[in-house]
Amino acid sequence: MSGSLTLCLVWHQHQPWYIDPETEEITLPWVRLHGVKDYLPMALLLEEEPRVRATINLVPSLLDQIEAYAHGRTDPILSLSRKRPSDLSEADRIAIVDRFFMANAAHQILPYERYRELHAKRSHPPAGTQAHRAFTDADILDLQVWYNLCWVHPILFEREPEARRLLQKGRGFSESDKNVLLDLHLAWLKEIIPAHRRLAERGQVELTTSPYYHPILPLLFNMERAREALPGLPMPEGWRPRAQDADEQIRRAFERHERTFGTPPKGVWPSEGSVSPETAEALARAGVRWIATDEEILGRSLGTAFPRDGYGHVVEGSALYRPWSFETGAGPLSMLFRDRSLSDRIGFQYRTWNADDAAGDFVHRLRVIAERNGADDAVCPVVLDGENAWEWFPGSGIHFLRALYRALSADPIVRTSTVSGFLSARPPTRVLPRLFSGSWIYANFAIWVGHPEDREGWSRLYRTAAYFDRKMAELGPAGTDVVRKAWESLLRAEGSDWFWWFGDDHSSLDDDRFDELFRKHLAGVYRAFGDPPPAFLLEPVRRPRIPTASKPREPSGFLNITLDGALTHYFEWRAGARFHWREDIGAIERQTEPAILSTHWGFDAETLYLRADFSSSAPAAFAQEFAGVVRLLHPAEIEIAFPGEGARGDIELRRPGQAAVRCGGWARGAMLEAAVPFAALGVKPGDEILFHFEWPVSGGGTERLPMHSALSVKVPDPDFERIHWVV
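Nothing here was measured: the structure is a model prediction, and the numbers come from that model.

Quick word on the sheet that holds strand β5 (residues 290–294)
The five strands lie next to each other as β4-β5-β7-β6-β10, forming an open sheet whose pairing is mixed. Pairing within the sheet leaves two strands with one partner each, and these edge strands are β4 (267–268) and β10 (430–431). Where helix α13 (residues 277–285) meets the sheet, its contacts fall on β4, β5, β6 (324–328) and β7 (331–338), and the angle it forms with β6 comes to roughly 90°.

Take a look at the structure:
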């Protein structure tokens, strides 16, 4: 009916392959911790609202690791948690104090009195590797419990009395308390797959898959596809098509999915939304009926764009909010293209909103789409990671998701559907003339092949693959078991996650571990054939990070800024300081410019002024709905945020564990301009402020400017203008 709209929610669930091929240990705890905080709770929250339909994408390598825990595998954090404090070595105690605060401080640590006390103890002298000396055995035991407790989702506290008892107890935990909690973790992990199977069997949820180890399929089929969006991009040394690997990643994914859930998947979320003509054909040949990716891929394929108005609504969405068919050599493949703005609102913006207001805003935006584009085949796909956003939400997102699902259940205009359910009733009538090759992050593959480290990783993979091909040809059918084992190692090394962490796009405390795991998987190919790994696999791919020595000039005078999101006159920012992205360390290695090209800053006697200049190549919605922050690193940890819609609003200052404070103001237009009172920051003349701009990247992660350093400004004293006065 006219004016109606179908919402297809797609939650993508994925973790890297953390299992060490030599020790068989799960080297990092994130499958387990996200399992009890996200994967099981996401299913349980949907069960509460049976009228809401959704699609959940489960990557096969994630399913393998969930089941590995059920078969007795452990991770280092779980092993350290099991140990009695009196049995811990000094190295163990250092590791616990170092690693057991790896959680979102605002939502997982500071709300809890005892955990907050332990966090404060860790944050004060003795610092560094000596911090553990301040922790008694009782402190260590409470820390062991609290780190595992803070990852438990509120819905599990509601359903499990023992977990609720531990939360209420708060401190003075016993060994028995600790083991009860850790046993609950493992029991909850065992519920994840059955819970999803129940949802699928009753038709509320469609379960889909991705290539087995989450590779970027277009780069396996044809690395030169990366040049469609990035002309002139250097190719990795020795690159060659790995179509047989890509097909095997697809085949194994289908086999794993059918073995687990009883039926083959109808749909696939290509890793990182990465598509190309070869990828589409291979998926269609495997029996895939539909895939989804980002709106910018559709725009690039049609040679158009989807500009948005001042409220973030697509001006003309008749192409975006429809299913499409793409004709491949293996038959037609249905395609949906996600609304990036709505997806990113859930992923990055609603975290600071009141839950009911956020849900209301989301449904209101869907109604606007229905009003402007509504018809029988109108569909709005919203696709995002199903775990990464929630640690930034109060209550791991429980309040928002409950409010959202209630609102969707009750709405007469918007109906929810699984993707296959929608396409069965309303198959595409439009044929895509061509398919642009790219991912859901800026419609290119820069993150996975744009940096010299990425290309070095690929070169090592290609050298190993060439060795694999030679050995396979030598052994033939007689070497089937050996070949199978070697191929498994190669397929694991093709996962997207290793390349995600190479280069300067993203960084984590575990960068070196990811580098090591990548090289261990490649080494496993050689070991499977009985050969020692070559020397090139012993050297890290990641290069040492060298901090920049360049320093932007300091402000030369007081600013007089009109907050209007535009350069009001030529001299408005002339007395301020400026930093351009090309001045950043490693900028010469970037293949694309960042969404923020440059930053300006300065002051008057009472106010800090900040400015961000947006790239013209960034999506229009980036500037219109900027969800980034200015992060102060010194003298206090403070987020300067710009909440709200439209062209202007109040600054919001967010300190860990404290209520947000409104002050100053911001304006958004061709640029972002902001004014923050020094008094609100708690700084005085002479204090040095260190800061950087930080913003979310579609598909997960964040980007910074500058990337490897911080900008600085000194709070002016009353004589600043007199001293810096010039004719």
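This is not the end of the story, as more comes after the structure.
With respect to the environment of Val31
Along the chain, the position of Val31 falls in helix α1 (residues 30–48). Residues Val31 and His14, 17 residues apart in the sequence, show an inter-C-alpha distance of 8.7 Å. In this structure Val31 touches Gln15, Tyr18, Tyr39, Leu62, Gln65, Ile66, Tyr69 and Leu189, once residues within four positions along its chain are discounted.

Some words on the packing of aromatic side chains
Following the criterion strictly, the structure yields 32 aromatic pairs and no others. Pairwise contacts between aromatic rings join Trp11, Tyr350, Trp353, Phe362, Trp390, Phe393 and Phe400 into one cluster. Stacked on the ring of Phe536, the Lys or Arg Arg463 has its end atom at 3.9 Å from the ring centre.

Structural notes on the packing of helix α2 (residues 60–70) against helix α12 (residues 243–261)
Direction vectors running N to C along α2 and α12 enclose 50°, while the axes themselves pass 10 Å from each other. Relative to α12, the element α2 lies oblique. Seen along the crossing, α2 lies across α12 with a hand that is left-handed. Contact residues: α2 offers Pro60, Leu63, Asp64 and Glu67, while α12 offers Ala253, Arg256, Thr260 and Phe261. Counted by class, the contact of α2 with α12 contains four nonpolar, one polar and three charged residues.

Section: helix α16 (residues 355–373)
An α-helix turns once per 3.6 residues; consequently, residues spaced three or four apart project the same way. Given a rise of 1.5 Å per residue, 19 residues ought to cover 27 Å, and the 27 Å separating the end C-alpha atoms of α16 matches this to within 8%. For α16, every residue scored as buried is listed here: Ala355, Ala358, Ala359, Asp361, Phe362, Val363, Arg365, Leu366, Val368, Ile369, Ala370 and Asn373. At its buried positions, α16 is contacted by β1 (5–13), α15 (340–349), β8 (379–385), α17 (398–410) and β9 (414–416). Two or three places before Asp356, at the opening of α16, Asn354 has a side-chain oxygen 3.0 Å from that residue's backbone nitrogen.

Reading guide: rules and limits
Residues numbered from 1 in each chain as written. Predicted model: local features only at pLDDT ≥ 70, side-chain atom pairs only at ≥ 80, totals over all residues. Heavy atoms only, no water. Pairing = 2+ DSSP bridges. Helix = DSSP H or I, 4+ residues; strand = E, 2+ residues; numbered from the N terminus. Contact = heavy atoms within 4.5 Å. Axes fitted to C-alpha atoms, helices over the stretch in contact; angles between N-to-C directions. Phe/Tyr/Trp six-rings, centres within 6.5 Å; stacked < 30°, edge-to-face > 60°. Lys NZ or Arg CZ within 6 Å of the ring centre and 35° of its normal. Parallel < 35°, antiparallel > 145°, perpendicular 65-115°, else oblique. Left-handed = near helix turned anticlockwise from the far one by under 90°. Nonpolar A, V, L, I, M, F, W, Y, C, P; charged D, E, K, R; others polar. Expected span 1.5 Å × (residues − 1). Buried < 20%, exposed > 50% of the residue type's maximum accessible area, 1.4 Å probe, protein only. Polar contact = N/O pair within 3.5 Å; in protein donor to acceptor, adjacent residues only side chain to side chain.

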